[in-house]
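# Architecture at a glance
Each chain, letter by letter, is given below.
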Amino acid sequence: MEGLIAIGLLMLLMIIGVPVAWSFAGVLAYMAYVYDANLNTLMLQGYRSVDSVILIALPLFVLTGYLMQSGGIARRLVDFIEVMIGKRRGGMGASMVMASGIFGAIAGTATAAVASIGTIMIGPLEQRGYPRSYSSALLGISSLLGILIPPSITMILFAVVTRQSVAACFAASVGPAILLMLGLIIANRIGVGRFFNEVSSAAGKGFEPLPGKGRATIKAVPALSLPVIILGGIYGGVFTPTEAAAVAAFSAMLIGFFIYRDLNLKSFAKSVVAAAETTGTVILILLFSFMIGRILAAERIPQDLTEMVTTLIENPLLILIVVNLFLIVAGMIMDDVSVTVVVAPLFLPLMVDTGIHPVHFASIVACSVVIGANSPPVAPILYMACRIGRVSIHKTVKPALALMAFVGMPVMLITTFVPELSLFLPRWLGFL
């Protein structure tokens, strides 16, 4: 019961506006008092937990995302995709979805994708007849492809807190990511003409002439090489995810400084500071969550939760549905980092007891974050998309809920009840 009260306290603190890291600190103080824990021992254990080589990838991928934004890489990616498919019906919306996916395959974060892709594309989408409310909703949910498409910061955190293979968690989320991307592209194409009219571009409809495609491709080659290098290196065994993060950051610097030349010392310094601030917040959350996890483990709270749920619900399918609902509700109130480092380890013993592989559970958690991060009251990604799109959240909620109901939820259910979607690639690559 105290564990559930702690989660409720965490949600309450976040709802009233306490910064996420200090919300975790408040929960830690509550649990240390209730269970009479030794804070000196907990601090030592927490420090040892964050003293991990794997976590070095975190600031490097975050830095890569900021460098892509300030170094012109994101803009070249958008230009390339728009030239390839942007002039077809629904092409501009599909361009934003695919740009978010490719961005996620390099930076591994949703917030950077919202800022970069949204800043570049919301204006042109409006010129082509897309309502800002719809564009912001599509931006919010498509940016979450950065959580599903490897390398993913969320999957790195899941692997660290549950002691799973990072590469296996990366591979597990590829299938759901492709499914979500296709679903969003199809839903966007259906919506164009039925709910709003798309205006033809100045060059007309159809395909871009070959010379235009060639120019856009040549300009985008350095940017497009990044996901090939990163993912090819990881799955080809050339380097580890941590080394891949270093390669990504270094490559983004070279491309920004010497190829596109949009990156200068001032913008580079701003990117480093922003990455340090983001990383510092995440590391504080991880530190406090590891300390909370030690208390939970010592008091056998995850095991007690498993026994309570399995006593009340005997059907494994119903257990999965209940866990999915809880993850979505948690994601509506907490950010993806909080859900991953607190809720996922709490439910992992229950999932294993139900017969769910931990790597499969990683995909389930990631899909739930896609829905929760775009659902009020907190909806951090959706609110950020609204700020980028300069539109009221009240106007954006309806299209956002429609996209989640007809795309996000089906993808989550398929991911949950079709384990092979998540486990096929890790097994084929030899990670399981």
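The following paragraphs examine the structure supplied in this document. (Residues numbered from 1 in each chain as written. Predicted model: local features only at pLDDT ≥ 70, side-chain atom pairs only at ≥ 80, totals over all residues. Heavy atoms only, no water.)

### Section: the side chain of Ser136
Topologically, Ser136 is positioned in helix α8 (residues 132-143). Of the residues examined, Ser136 reaches a relative accessible area of 0% and is grouped as buried. Contact partners of Ser136, with chain neighbours within four places excluded, come to Ile122, Leu382, Ala385, Cys386, Gly389, Val391 and Thr396. (Helix = DSSP H or I, 4+ residues; strand = E, 2+ residues; numbered from the N terminus. Buried < 20%, exposed > 50% of the residue type's maximum accessible area, 1.4 Å probe, protein only. Contact = heavy atoms within 4.5 Å.)

### Re the layout of surface pockets
In this model, the largest pocket occupies a volume close to 740 Å³. Lining the largest pocket are 29 residues, and of these Thr111, Thr278, Val282, Asp335 and Asp336 sit closest to its centre. Broken down by secondary-structure element, the contributors of at least two residues to the lining of the largest pocket are α2 (20-34), α4 (57-70), α7 (110-127), α10 (153-162), α15 (265-298), α18 (336-354) and α20 (380-389). Sorting elements by how many residues they give to the lining of the largest pocket places α20 first, with 5 residues. When its residues are assigned to classes, the lining of the largest pocket shows 19 nonpolar, 7 polar and 3 charged. (1 Å grid on protein atoms, 1.4 Å probe; cavity = no way out; pocket = protein on both sides within 12 Å on 5 of 7 lines; lining within 4 Å. Points joined across faces, edges and corners; volume = space filled by probe spheres on them. Nonpolar A, V, L, I, M, F, W, Y, C, P; charged D, E, K, R; others polar.)

### Brief notes about a nonpolar patch on the surface
Together, Leu317, Leu318, Ile321, Leu325, Leu413, Ile414, Phe417 and Val418 make up an exposed nonpolar region whose accessible area comes to about 650 Å². Looking at the nonpolar patch, the elements that each hand over two or more residues are α17 (316-333) and α21 (393-417). Residue contributions to the nonpolar patch peak at 4 residues, all from α17. Along the chain, Phe417 falls in helix α21. (Patch = residues over 30% accessible without salt bridge, like charges linked within 9 Å, V, L, I, M, F, W, Y side chains within 5 Å. Areas by Shrake-Rupley, 256 points an atom, 1.4 Å probe, with all protein chains shown as cover. Salt bridge = Lys/Arg side-chain N within 4 Å of Asp/Glu carboxyl O.)

### A word on the environment of Val161
Looking at where Val161 falls in the secondary structure, it is placed in helix α10. For Val161, a relative accessible area of 12% translates into the label buried. What Val161 contacts, discounting residues up to four positions off in sequence, is Leu286, Phe290, Thr340, Val341 and Pro345.

### Description of the side chain of Thr64
You can see Thr64 is positioned in helix α4. Accessibility expressed as a relative area gives 0% for Thr64, which makes it buried. Among the polar contacts made by the side chain of Thr64, one reaches the main-chain amide nitrogen of Ala249 at a distance of 3.2 Å. Residues in contact with Thr64, not counting those within four places in the same chain, are Ile106, Ala245, Ala248, Ala249 and Ala252. (Polar contact = N/O pair within 3.5 Å; in protein donor to acceptor, adjacent residues only side chain to side chain.)

### Thoughts on the packing of aromatic side chains
All told, the structure shown has 6 aromatic pairs when counted by the stated rule. Between the aromatic rings of Phe257 and Phe258, the centroid separation amounts to 6.1 Å while the plane-to-plane angle is 45°, which identifies the pairing as tilted. Overall, the relative accessible area of 23% leaves Phe257 in the partly exposed class. Between the NZ or CZ atom of Arg76 and the centre of the ring of Tyr260, over which it lies, the distance is 4.2 Å. (Phe/Tyr/Trp six-rings, centres within 6.5 Å; stacked < 30°, edge-to-face > 60°. Lys NZ or Arg CZ within 6 Å of the ring centre and 35° of its normal.)

### Overview of the pattern of salt bridges
Where charged atoms from two side chains of opposite charge come close, those side chains can pair. For the structure on display, the rule yields 3 salt bridges. Across the pair Arg132 and Glu126 runs a salt bridge whose closest N-O atoms are separated by 2.9 Å. Among the residues examined, Glu126 registers a relative accessible area of 40% and is labelled partly exposed. In this structure, Arg427 and Glu420 form a salt bridge, with 2.5 Å as the shortest nitrogen-oxygen distance. Take Arg427: its relative accessible area is 44%, and that puts it in the partly exposed class.

### Quick notes on unusual backbone geometry
Here Pro150 and Pro151 are connected by a cis peptide whose omega angle stands at 0°. Relative to the assigned elements, Pro151 resides in the loop between α9 (145-148) and α10. Residues other than glycine seldom take positive phi values, yet Asp36 does so here, at roughly 55°. Mapped onto the elements of the fold, Asp36 is located in the loop between α2 and α3 (39-50). A relative accessible area of 68% places Asp36 in the exposed class. Not every positive phi belongs to a glycine, and Arg163 is a case in point at roughly 60°. Mapped onto the elements, Arg163 comes out in the loop between α10 and α11 (166-172).

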